[in-house]
Amino acid sequence: MSFEISVDGRTVNVEPGQSVGAAMHAAGIRSWRTTRFGGRPRGLFCGIGVCFDCLVTVNGAREQRACLLEARPGDEVTTS
């Protein structure tokens, strides 16, 4: 049964077993941070935890790789 998480205050539906990044992508959230130099948008890139482009804060834990972290009901994700 699906559940919800919060991404920057927005409700996102999640299917059991989805990563935070997959849930965000399915909800149309394609980028959520920018590069230090040039301000280019970043989100999911490699999808396997190698590139660190998908870093988010989940429940106060900073620098979590969204592509590897399984979403849990009620997770609060922030991207800034």
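The shown structure was predicted, so the numbers you read here are calculated from the model rather than taken from an experiment.

Asks: Teacher, can you tell me more about the pattern of salt bridges here?
Replies: Opposite charge on two side chains makes pairing possible when the charged atoms of those side chains draw close. Enumeration according to the criterion identifies 3 salt bridges in this entry. The salt bridge involving aspartate 53 is made with arginine 33; its shortest N-O contact spans 3.7 Å. In this pair, aspartate 53 is assigned in the loop between strand S4 (41–43) and strand S5 (55–58) and arginine 33 in strand S3 (residues 31–34), connecting sequence segments 20 residues apart. For aspartate 53, a relative accessible area of 13% gives the class buried. Classification of arginine 33 as partly exposed rests on a relative accessible area of 28%. Of the charged contacts, one joins arginine 72 and aspartate 75 as a salt bridge, the two residues approaching to 3.7 Å between their closest N and O atoms. Looking at aspartate 75, the relative accessible area reads 2%, which means it is buried.

Asks: Looking at this structure, how should I read the layout of surface pockets?
Replies: Leftover empty space is mapped by rolling, across the atoms, a probe with the size of a water molecule. Computed from the structure, the largest pocket encloses a volume of approximately 360 Å³. If you go around the largest pocket, you meet 13 residues; those closest to its centre are Arg33, Thr34, Leu55, Arg62 and Glu63. Of all the secondary structure elements, the ones that give two or more residues to the lining of the largest pocket are S3, S5 and strand S6 (61–65). No other element matches S5, which puts 3 residues into the lining of the largest pocket. Residue composition of the lining of the largest pocket, by class: 3 nonpolar, 6 polar and 4 charged.

Asks: Would you explain the sheet that holds S6 in this entry?
Replies: Two strands in a sheet stick together by hydrogen bonds in their backbones, pointing the same way (parallel) or opposite ways (antiparallel). Reading across from one edge, S2-S1-S7-S5-S6 is the order of the 5 strands in this open sheet, with mixed pairing throughout. Of all the strands in the sheet, the pair left with one neighbour each is strand S2 (10–14) and S6. Here the average twist between neighbouring strands, direction ignored, is 40°. Here S5 runs beside S6; their pairing, made up of 3 bridges, is antiparallel. Each bridged residue has a counterpart across the sheet, and for leucine 55 the counterpart in S6 is arginine 65.

About the thresholds
- Residues numbered from 1 in each chain as written.
- Predicted model: local features only at pLDDT ≥ 70, side-chain atom pairs only at ≥ 80, totals over all residues.
- Heavy atoms only, no water.
- Salt bridge = Lys/Arg side-chain N within 4 Å of Asp/Glu carboxyl O.
- Helix = DSSP H or I, 4+ residues; strand = E, 2+ residues; numbered from the N terminus.
- Buried < 20%, exposed > 50% of the residue type's maximum accessible area, 1.4 Å probe, protein only.
- 1 Å grid on protein atoms, 1.4 Å probe; cavity = no way out; pocket = protein on both sides within 12 Å on 5 of 7 lines; lining within 4 Å.
- Points joined across faces, edges and corners; volume = space filled by probe spheres on them.
- Nonpolar A, V, L, I, M, F, W, Y, C, P; charged D, E, K, R; others polar.
- Pairing = 2+ DSSP bridges.
- Axes fitted to C-alpha atoms, helices over the stretch in contact; angles between N-to-C directions.

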